[in-house]
Amino acid sequence: MANVAVIGAQWGDEGKGKVVDWLASRAEIVVRFQGGHNAGHTLVVGDQTYKLSLLPSGLVRGKLGIIGNGVVLDPQALLDEIDRVAAQGLKVTPDTLRIAENTPLILPVHPALDRAREAARGAGAIGTTGRGIGPAYEDKVARRAIRLCDLAEPDTLSAKLDELLLHHNTLLRGLGAPEFAKDELLSLLNGWAPRLLPFAEAVWERLDEARRANARVLFEGAQAVMLDVDHGTYPFVTSSNTVAGSAAAGAGIGPDAIGTVLGIAKAYTTRVGSGPFPTELHDEVGRGLGDRGREFGTVTGRRRRCGWFDACMVRQAVKLGGIQGLALTKLDVLDGMPQLRVCTGYRIGGGEVVRRLPGAPGAQAAAEPVYEEMEGWSGSTRGARSYADLPATAVKYVRRIEELDEAPV
Ligand code: IMO
Ligand code: MG
């Protein structure tokens, strides 16, 4: 199969970067199609650890990277990331990175609004990454976004900023946060223009050429199905569609070009930020998973919440996301645990058991996990290269996940 899309099957941080990096060696182009610098993809290559948020992971392997129009792009974050990887010896130039000209930009007003709104929510905060992702997508849909190609039309920027600031300053004022001055934003935009415009192009044409040349394209998803703005645990979600279908609209290709869809899932579950998490563990077992799995956010450094593998939720992600196969990561974190649990469904209101996370937030929060007990293993699974290298009970664990999730691992 030529093209592959990689998406998260839980709530993010499943190890997508590692798998994308591995697949990138077989691809010619790696495309980001949604999200922004809320993503944190860690790649270990030789003696270097790259922490990428916006740059497509394939750049590290010398592949062409494309940022599609479905991404929200913070120019300063991008330029800083380019400088950061340059210091590690990786040169990113317009020859190696192309950005869709119709990509909406994240300006300083967006993180300001993101944070002011989170502060106003108090205990009900979503726990966003504070990067301005939500407000930037709102502006895109509201048709007041400033897009990369607008930097090439400097005469129109002032009027565009007037419209943007009418909206944002009104909100910021209402929230008691400092307002923004147009001239500051204007000089930022004009300053970014010469550095960013050389990367801009109609990437759909390049992807169409790639299709005709049978070049292999890898679509690198960020976040995960359960953080999808439509299908996730709304409102505790990110503001983009994270399902594989999003790659088509977010890059400018037809749905048939997406190819095989690979979902990434951790052998247990983590979540960072607020929101329902039926299999969350608040005890020593959960803390142990977090310590052994080094579960701290790449982007915000927050401690991730940990719990048992939720096969019911991953099954839902498989169906919603169009996932044809799963890559299961961090199995070795479970090494030495005598007993394991896998969630197979939810009990609703102490009665009926369903195989689907309910839609409404109250019902989601009240969903009680129904567990299947599984025997753990004492041996190490580290460095295993085939099923034959795994302890028998570890194989059983993986096989059971395949069965429950209706997708091969
Ligand atoms: P990767 O690609 C895990 C979560 C945030 C918050 C919610 C909304 O590394 O898997 P946002 O800033 O997007 O508006 O925050 O989504 N979130 C992630 N959680 N991994 C990510 O990305 C995430 N990106 C956003 O914690 O709960
Ligand atoms: Mg991450």
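Anything mentioned here points back to the structure above.
Residues numbered from 1 in each chain as written. Chains lettered and ligands numbered in written order. Predicted model: local features only at pLDDT ≥ 70, side-chain atom pairs only at ≥ 80, totals over all residues. Heavy atoms only, no water.

Peer 1: Honestly, the pairing of strand β4 (residues 48-52) in this entry has me stumped. Any pointers?
Peer 2: Bridging between strand β3 (residues 41-45) and β4 involves 5 bridges; their strand directions are antiparallel. When the sheet's bridge partners are listed, V45 is paired in β4 with Q48. Taking the residues that link successive antiparallel strands as the turn, the β3-β4 hairpin has 2 residues, and the phi of G46 there is positive, at about 60 degrees. (Pairing = 2+ DSSP bridges. Helix = DSSP H or I, 4+ residues; strand = E, 2+ residues; numbered from the N terminus.)

Peer 1: Hey, could you run me through unusual backbone geometry in this one?
Peer 2: Negative phi is the rule for most residues except glycine; trans is the rule for most peptide bonds. The omega torsion across Y234 and P235 is 5 degrees, close enough to zero to call that bond cis. Mapped onto the elements of the fold, P235 is located in the loop between β8 (217-220) and α8 (246-251). Here R143, not a glycine, exhibits a phi torsion of approximately 65 degrees, which is positive. Within the secondary structure, R143 sits in the loop between α4 (133-141) and α5 (154-174). Using a relative accessible area of 73% as the deciding quantity, one classes R143 as exposed. In this structure, E406 takes a positive phi of about 55 degrees despite not being glycine. Relative to the elements of secondary structure, E406 occurs in the segment after α12 (392-405). (Buried < 20%, exposed > 50% of the residue type's maximum accessible area, 1.4 Å probe, protein only.)

Peer 1: So what exactly am I meant to see when it comes to the sheet that holds β8 here?
Peer 2: Two strands in a sheet stick together by hydrogen bonds in their backbones, pointing the same way (parallel) or opposite ways (antiparallel). Pairing is parallel in the open sheet, where 8 strands are placed in the order β7-β6-β5-β2-β8-β1-β9-β13. This sheet does not close on itself; its edge strands, each paired only once, are β7 (200-201) and β13 (325-329). Of the pairings in the sheet, the one linking strand β5 (residues 64-67) to strand β6 (residues 97-100) comprises 3 bridges and is parallel in character. The residue bridging I66 from the neighbouring strand is R98, located in β6.

Function cannot be read off these values alone, since they describe shape.
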